[in-house]
Amino acid sequence: MRTPVAIVGAGPAGLLLSHLLDLAGVESVIVETRSREYVEARIRAGILEQSTVDLLREAGLADRLDREGDEHRGIYLQWPEERHHLDFVDLVGRSVTVYGQTEVTKDLGKARAAAGQQIHYEVTETAVHDIETDKPYVTFTGPDGTPHRLDADVVVGCDGSFGPCRTAIPDAAKQTWERTYPYSWLGVLADVAPSTDELIYAWHPDGFAMHSMRSATVSRLYLQVPNGTDIGTWSDERIWEALATRLGHGQDGWTLTPGPITDKSVLPMRSFVQQPMRHGRLFLAGDAAHIVPPTGAKGLNLAVADVALLAPALAALVRDKDSTLADVYSDTALRRVWRCTHFSWWMTTMLHRSGDPFDRQLQLSQLRWLARSEAGRAGLAENYAGLPIGF
């Protein structure tokens, strides 16, 4: 097989990249280890920055998002006996939208299927080759056991943390930075209407808690737990009791309404950045190049920003033989990556209990400053609602 752009990974980054390339008149082929059903069912992020929403609209992908997405003006920051609303629209003129990554992926998959996009699902033994030449290629084995070779002008790794593309870049040609946090999130989906109109980020002596949502009838909630937590030790009753305590059930008349839990999982927290995000004819986007803890709601949005930069760069490279944008892709993308990495670290370390009494006082001081400083609130709002793509 032959294609201008070979994309490894059919998650949101890979699907959106193929869509944007198609709009620019550039063909691509996608290979994916998982089934389409698995990819579209993965429970991931649910907060879209303003720039992400704008891009999806411009690309003709926001029909259902505009109907079903829930626009939010801000968030609540909370600690015992205090809850403060930060209105992003008032502070920086931008909002966020609650719309699950699963729904974004479904919308993208439907659009690519309608366009006749060639996607090979359920492949194995995927590998990239000759990325330092102008004739890179991808090999993989189809679900029926047939080996395949896909020749391309460029290869793009949208295959996440554990795919083959990140590791295909030689150690001598890359740098990596990583931070593993000493806690995890226990996340649950519950079939119950949200008990809040905006997301609640709660600092508590027992640990962080968050009340988010996926729709008018589905709530998404999180609890800080130790690394290595066995999900089997957390009954539904224990989860709701901990959430009620940390989220302030009864405070100023507010109540947390429990409901049937349909999914629960433990998510480790870490930060990771690899640079450069390009080596030869291999480009990385999304989780293949960087991971952030979910506290800042940046993972999916960073992937979208990467792809928004990469699509025109690749179109110019393979269609016009102009490498100008491709040559600066990594540096341009990494400016935003590091800004979002810092913001995610800042939100995480401000809100999660470390066990150190000195840290506790610093955290509370920082929260009180945000509650009283318009400049502080504006800084948080600017980062949370999303910096411009190409920042």
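Residues numbered from 1 in each chain as written. Predicted model: local features only at pLDDT ≥ 70, side-chain atom pairs only at ≥ 80, totals over all residues. Heavy atoms only, no water.

**Thoughts on the overall build of the chain**
Operational definition: Helix numbers and strand numbers start at the N terminus; a helix is a DSSP run of H or I with at least 4 residues, a strand a run of E with at least 2. Radius of gyration means the value over C-alpha atoms here, while the globule rule gives 2.2 Å times the residue count to the 0.38 power. Think of it in three bands: residues with accessible area under 20% of the maximum for their type are buried, residues over 50% are exposed, and the middle band is partly exposed, with areas taken using a 1.4 Å probe on protein chains only. Per-residue and other accessible areas follow the Shrake-Rupley method at a 1.4 Å probe size, with only the shown protein chains counted as cover for residues. Within this scheme the basic residues Lys and Arg register as positive and the acidic residues Asp and Glu register as negative, but His and the chain ends are omitted. For the purpose of locating charges, the reference atoms are NZ of Lys, CZ of Arg, CG of Asp and CD of Glu.
Within the chain one finds 12 helices and 19 strands. Rg of the C-alpha trace for the chain: 21 Å, near the compact-globule value of 21 Å for 391 residues, within the 12% margin. Here the chain holds 391 residues, and the buried ones make up 55% of them. When the accessible area of the chain is evaluated, it comes to approximately 16400 Å², of which 50% is carbon and sulfur surface. In the chain, the 38 positive side-chain charges and the 50 negative ones have mean positions that sit 2 Å from each other.

**Thoughts on the side chain of Gln 101**
Defined as follows: A contact between two residues is defined here by any heavy atoms of the two lying within 4.5 Å.
With respect to the helices, strands and loops of the structure, Gln 101 is situated in helix 6 (residues 101–114). What Gln 101 contacts, discounting residues up to four positions off in sequence, is Pro 12, Arg 44, Ala 45, Gly 46 and Leu 300.

**Some remarks on the sheet that holds strand 4 (residues 70–72)**
Convention followed: By definition, two strands form a pair when at least two bridges between them are found by DSSP.
Read across the open sheet, the three strands follow the order 3-7-4; overall the sheet is antiparallel. Every interior strand has two partners, whereas the edge strands, strand 3 (47–48) and strand 4, have only one. In this structure, strand 4 lies alongside strand 7 (residues 96–98), joined through three bridges in antiparallel fashion. Bridging from a neighbouring strand, Asp 70 pairs with Val 98 of strand 7.

**Overview of the UniProt feature "domain: FAD-binding" (unreviewed entry) in the chain**
Applicable threshold: UniProt positions are given in the numbering used here, feature names are shortened, and annotations may be inferred rather than shown by experiment.
UniProt's feature table lists "domain: FAD-binding" (unreviewed entry) at residues 2–343, given in the numbering used throughout. The span residues 2–343 is 32% helical and 32% strand by assignment, and the distance between its end C-alpha atoms comes to 41 Å.

**Considering the state of the cysteines**
Heads up, the rule is: Any cysteine sulfur atom paired with another within 2.5 Å is treated as part of a disulfide.
Scanning all chains against the criterion turns up zero disulfides. Free cysteine Cys 165: the closest other cysteine sulfur is in Cys 158, separated by 8.1 Å. Take Cys 165: its relative accessible area is 0%, and that puts it in the buried class. Looking at the unpaired Cys 340, the closest cysteine sulfur is the one in Cys 158, lying at 17 Å. On the accessibility criterion, Cys 340 (3% relative accessible area) is buried.

**Section: helix 11 (residues 357–372)**
Keep this limit in mind: Each helix should span, by expectation, one fewer than its residue count multiplied by 1.5 Å.
The end-to-end C-alpha distance of helix 11 is 23 Å, a good match for the 22 Å that 16 residues give at a rise of 1.5 Å each. The secondary structure elements touched by the buried residues of helix 11 are strand 5 (74–79), strand 6 (82–87), helix 10 (324–351) and helix 12 (374–385).

**Concerning the packing of helix 10 against helix 11**
Think of two packed helices as two axes; the pair is described by the angle between the axes and how far apart they sit. Put simply, the rule is: Each axis is a line fitted through C-alpha atoms, taken for helices only over the stretch in contact, and angles between the N-to-C directions span 0 to 180 degrees.
Contact pair helix 10 / helix 11: the axes reach a minimum separation of 8 Å and the direction vectors enclose 115 degrees. Between helix 10 and helix 11, the residues in contact are Trp 346, Thr 349, Met 350 and Leu 351 and Gln 363, Gln 366, Leu 367 and Leu 370, respectively.

**What about the sheet that holds strand 19 (residues 290–291)?**
With respect to topology, eight strands assemble into an open sheet ordered 6-5-13-14-15-12-16-19, the strand pairing being mixed. In the strand order of this sheet, the two ends are held by strand 6 and strand 19, each with one partner. As paired elements, strand 5 and strand 6 share six bridges and run antiparallel to each other. For Tyr 76, the partnering residue across the bridge sits in strand 6 and is His 85. With respect to the sheet, helix 8 (residues 236–247) is in contact with strand 5, strand 6, strand 12 (175–190), strand 13 (199–202), strand 14 (209–213), strand 15 (219–225) and strand 16 (261–275), its orientation differing from that of strand 15 by roughly 85 degrees.

**What to know about the pattern of salt bridges**
Quick reminder of the rule: For this document, the term salt bridge refers to a Lys or Arg side-chain nitrogen within 4 Å of an Asp or Glu carboxyl oxygen.
This model, assessed by the stated rule, comprises 18 salt bridges. For Lys 298, the salt bridge identified is with Glu 49, shortest N-O distance 2.8 Å. Taken together, the residues span a long stretch of sequence, with Lys 298 in the loop between strand 19 and helix 9 (299–320) and Glu 49 in the loop between strand 3 and helix 3 (50–58) at a distance of 249 residues. Accessibility assignment for this pair places Lys 298 and Glu 49 in one class, buried. Each of Arg 64, Glu 68, Glu 103, Lys 106 and Asp 107 takes part in a single network of salt bridges with overlapping partners.

**Brief notes about the packing of aromatic side chains**
This is how the line gets drawn: Each aromatic pair joins two rings of Phe, Tyr and Trp (for Trp, the six-membered one) with centres within 6.5 Å, and gets the label stacked for planes under 30 degrees apart, edge-to-face for over 60, and tilted for any other angle. Only when the NZ atom of a Lys or the CZ atom of an Arg is both within 6 Å of the ring centre and within 35 degrees of the ring normal do we say a charge sits over the ring.
Evaluation of the coordinates by the stated rule reveals 10 aromatic pairs. Note on Phe 343 and Tyr 384: the rings are 6.4 Å apart at their centroids and 85 degrees apart in plane angle, and the pair reads as edge-to-face. With Phe 343 in helix 10 and Tyr 384 in helix 12, this residue pair connects regions lying 41 residues apart in the sequence. Pair check on accessibility: Phe 343 and Tyr 384 agree, each one buried. Taken together through their ring pairs, the aromatic side chains of Phe 88, Trp 185, Tyr 201, Phe 208, Tyr 222, Phe 343, Trp 346 and Tyr 384 make up a single cluster. One residue, Arg 34, lies across the ring of Tyr 38, its end atom 4.3 Å from the ring centre.

**Description of the nonpolar core**
Inclusion rule: We call a set of buried Ala, Val, Leu, Ile, Met, Phe, Trp, Tyr and Cys residues a nonpolar core when their side-chain atoms join them within 4.5 Å.
Counting 68 residues, the largest nonpolar core has Leu 16, Leu 17, Val 138, Phe 283 and Leu 314 as the members making the most contacts within it. Here this core takes 13 residues from helix 9, the largest share from any one element. Beyond its immediate sequence surroundings of up to four residues, Leu 314 is in contact with Val 5, Leu 17, Leu 21, Val 154, Val 156, Phe 283 and Arg 319. In terms of nonpolar packing, the next biggest core, distinct from the first, is built from 33 residues, Phe 88, Leu 199, Leu 364 and Ala 381 among them.

**Here's the deal with the environment of Leu 223**
Tracing the backbone through its elements, the reader meets Leu 223 in strand 15. Looking at Leu 223, the relative accessible area reads 0%, which means it is buried. In this structure, the C-alpha to C-alpha distance between Leu 223 and Ala 308, residues 85 residues apart in sequence, is 33 Å. Here Leu 223 is in contact with Ser 184, Trp 185, Leu 186, Phe 208, Ala 209, Trp 234, Ile 239, Ala 242, Leu 243 and Arg 246, once residues within four sequence places are set aside.

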